[in-house]
Amino acid sequence: MSGTVDLVIFGASGDLSRRKILPSLTHLAARNGSALRVIGAGRSHPSQQEFRDLVNESSGSPELAATAEWVQINYRDPASFAPVKAMLDGTSSAIFYLATPPETFSDILGAVGQSGMAIKGDQSRRIVVEKPLGHDLASARKLNAQLAATFDEEQIFRIDHYLAKDTVQNVLALRFSNSLFEPVWNRNLVESILITAAEEEGIGLRAGYYDRIGAVRDMIQNHVLQLLALVTMEPPITFDADYIRRAKRLALRSMSPLDPSSAVRGQYEGYLDEEGVSPDSRRETYAAARVSIENWRWDGVPIYVRSGKALKRRATEVVIKLRDAPMLRVGGRRQRGIPTLIVIRIQPDEGITLRIGAKRPGVRFEMVPAGMKLDYARLTRQALPDAYENVLSEVLAGGHSAFPGGEEIELSWEIVDPLIKAWEADGHPEPYPVGSWGPQAADDLVGSGGAGRWIVSGDEPGTA
Ligand code: BG6
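Draft legend 1. Fine view of the packing of aromatic side chains. A complete count under the given rule lists eight aromatic pairs for this structure. Plain terms: the ring middles of Phe 51 and Trp 70 are 5.0 Å apart, the flat faces sit at 55 degrees to each other, and that makes the pair tilted. Taken together, the residues Phe 51 in helix α2 (residues 48-59) and Trp 70 in strand β3 (residues 69-72) connect sequence positions 19 residues apart. As far as burial versus exposure is concerned, Phe 51 and Trp 70 are alike and both buried. In this structure an aromatic cluster arises from ring pairing among Tyr 268, Tyr 271, Tyr 286 and Tyr 432. Positioned above the aromatic ring of Tyr 162 is the side chain of Lys 165, whose terminal nitrogen or guanidinium carbon lies 4.8 Å from the ring centre.

This is the structure in structure tokens:
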């Protein structure tokens, strides 16, 4: 998109817009060589000046603030969208950004479509949708159908901000731009795969959202499965979005629906006292599950994922554990085995560590765990770009590699739906202490499934 681009943010005075979208706009316009005009639309009624102040404060850009406009809308009333349409008349490019609760999506999409603000197939009109992209498979299908009524797939950008993290994209570079890794990346040499997406913070003030959603919908269905798809997919023909999406689709299609008997749910102690949480809530703030991938590459490999709130520390990591080398004796003494680990640290301390066994310096031949480390931030002198900046930059450029396609979303729901249904129907999450790594049962799950134990770098020798 070039020239002036109108960015219509529905829900522009909300939290997402203030904390993520508006701040990411500052560098964006300059980076893409296009000018942006923000049109905020929502139920509240700030004056134009109040909205401009908000834009200024959140984005830090007086230029952006100076042209920002606000339109008050009643989502239920398509006629109230008329001023937005009037502002867009004659504009060359427009992006519609849904930063509103999901119950409004249908009304907004209907109004945007009916008013003619967007036309199916017209690339100068694009739509950005934020999660939750559905609540289950049925609602995800409905949303996809609603989107498809007004927009072609090429015009639709579904945000999964994990895909916009540089370190997540770097999984592709690691796997497919280095001939070292791909030959071992399969059931012959990989013993297990573990993915952790741990957060130190609790739910904060988000009970209204989180207590209806839980860890599986909030993190596993989207971020974690997308990451797992990138880690386990077949090589794409090229790095173009179409081929990457195709490869991810096939990976997701090979994953079996999550089996409640190979999954553990937890709830942090004190969750029920959080403001806005229902006092008898059975909502999980932690989930761990085995994922079975039935294809030639991964059949039989234990793959476990976990995600939770109020855990020991923030850490999102993929750990690929390779099979042990044959054990050596030195001078008749057994050497302890040191499994090779490939640790991909998505955040924080972004990087990759290859944990190997090395000879301890000195006269004796003794093995010690040692790390060969890529510190991702050192690859550049600039700060790593924010995920939202990447997201919007891709939307402007019309690239889709940081966005899951509609079918991927449905496939992910197919994988998690049985687990969510089983948990909602019955039973309770296991309480776990704030600041721990979650319920004990999740350790047992991994132990009994042949993957040893959960690994997070720093706690594991050679990965610090
Ligand atoms: C969001 C979830 O999608 O991702 C939040 O709704 C979660 O609950 C967040 O905290 C984590 O994102 P990040 O980038 O901080 O790991």
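There is more to say, and it comes next.
Draft legend 2. View of the pairing of strand β11 (residues 315-322). When you tally the buried positions in β11, you get eight out of eight residues, the bulk of the element. Of the two faces of β11, the one holding Ala 315, Glu 317, Val 319 and Lys 321 and the one holding Thr 316, Val 318, Ile 320 and Leu 322 are both buried throughout. Inspection of the sheet shows strand β7 (residues 190-198) paired to β11 by eight bridges, in the antiparallel sense. When the sheet's bridge partners are listed, Leu 194 is paired in β11 with Val 319.

Draft legend 3. Quick look at the site of the ligand. In the vicinity of the ligand there are 13 residues, among which Lys 165, Glu 199, Asp 218, Lys 309 and Gln 347 approach most closely. In this structure, Gln 347 approaches the ligand through a side-chain N or O atom, which is 2.6 Å from an oxygen atom. It is helix α8 (residues 207-232) that provides the largest number of residues to the shell around the ligand, a total of four residues.

Draft legend 4. A look at the packing of helix α6 (residues 137-150) against helix α11 (residues 406-425). The N-to-C vectors of α6 and α11 enclose an angle of 170 degrees; their axes lie 9 Å apart at closest approach. In terms of axis orientation, α6 runs roughly antiparallel to α11. Where α6 abuts α11, its residues Leu 137, Ala 140, Arg 141 and Asn 144 lie against Gly 406, Ile 409, Glu 410, Trp 413, Glu 414 and Asp 417. Residues that form the contact of α6 with α11 fall into these classes: four nonpolar, two polar and four charged.

Draft legend 5. Representation of the sheet that holds strand β16 (residues 367-375) in the model. Across the sheet, nine strands lie side by side as β16-β15-β14-β11-β7-β10-β9-β8-β17; this open sheet has mixed pairing. Of all the strands in the sheet, just β16 and β17 (430-432) have a single pairing partner and so form its edges. Adjacent strand axes in the sheet meet at a mean angle of 20 degrees when their direction is disregarded. The pairing of strand β15 (residues 351-359) with β16 spans nine bridges and is antiparallel. Across the sheet, residue Ala 358 finds its bridge partner in β16, namely Val 368. Taken strand by strand, helix α7 (residues 166-176) contacts β14 (341-347), β15 and β16, and its axis lies near 150 degrees from that of β14.

Draft legend 6. Layout of the sheet that holds β3. The parallel open sheet is built from six strands, whose spatial order is β3-β2-β1-β4-β5-β6. The open sheet terminates on both sides in strands that have one partner only, identified here as β3 and β6 (156-158). Shown here is a sheet whose adjacent strand axes are inclined to one another by a mean of 20 degrees, direction ignored. Sheet analysis places strand β1 (residues 4-10) next to strand β4 (residues 93-98), joined by six bridges and oriented parallel. Among the inter-strand pairings, Ile 9 is bridged to a residue of β4, identified as Tyr 97. Helix α5 (residues 105-115) contacts β1, β4 and β5 (125-129) of the sheet and is inclined by roughly 160 degrees relative to β4.

Draft legend 7. Up close: the pattern of salt bridges. What the rule picks out here adds up to 29 salt bridges. One salt bridge connects Glu 153 with Arg 245, and the closest N-O pair in it is separated by 3.8 Å. Note that Glu 153 is positioned in the loop between α6 and β6 and Arg 245 in helix α9 (residues 241-254), a separation of 92 residues in sequence. Look at Glu 153 and you get partly exposed, because its relative accessible area is 36%. The exposure class of Arg 245 is buried, given its relative accessible area of 8%.

Thresholds, definitions, all that
- Residues numbered from 1 in each chain as written.
- Predicted model: local features only at pLDDT ≥ 70, side-chain atom pairs only at ≥ 80, totals over all residues.
- Heavy atoms only, no water.
- Phe/Tyr/Trp six-rings, centres within 6.5 Å; stacked < 30°, edge-to-face > 60°.
- Helix = DSSP H or I, 4+ residues; strand = E, 2+ residues; numbered from the N terminus.
- Buried < 20%, exposed > 50% of the residue type's maximum accessible area, 1.4 Å probe, protein only.
- Lys NZ or Arg CZ within 6 Å of the ring centre and 35° of its normal.
- Pairing = 2+ DSSP bridges.
- Near = heavy atom within 4 Å.
- Polar contact = N/O pair within 3.5 Å; in protein donor to acceptor, adjacent residues only side chain to side chain.
- Axes fitted to C-alpha atoms, helices over the stretch in contact; angles between N-to-C directions.
- Parallel < 35°, antiparallel > 145°, perpendicular 65-115°, else oblique.
- Contact = heavy atoms within 4.5 Å.
- Nonpolar A, V, L, I, M, F, W, Y, C, P; charged D, E, K, R; others polar.
- Salt bridge = Lys/Arg side-chain N within 4 Å of Asp/Glu carboxyl O.

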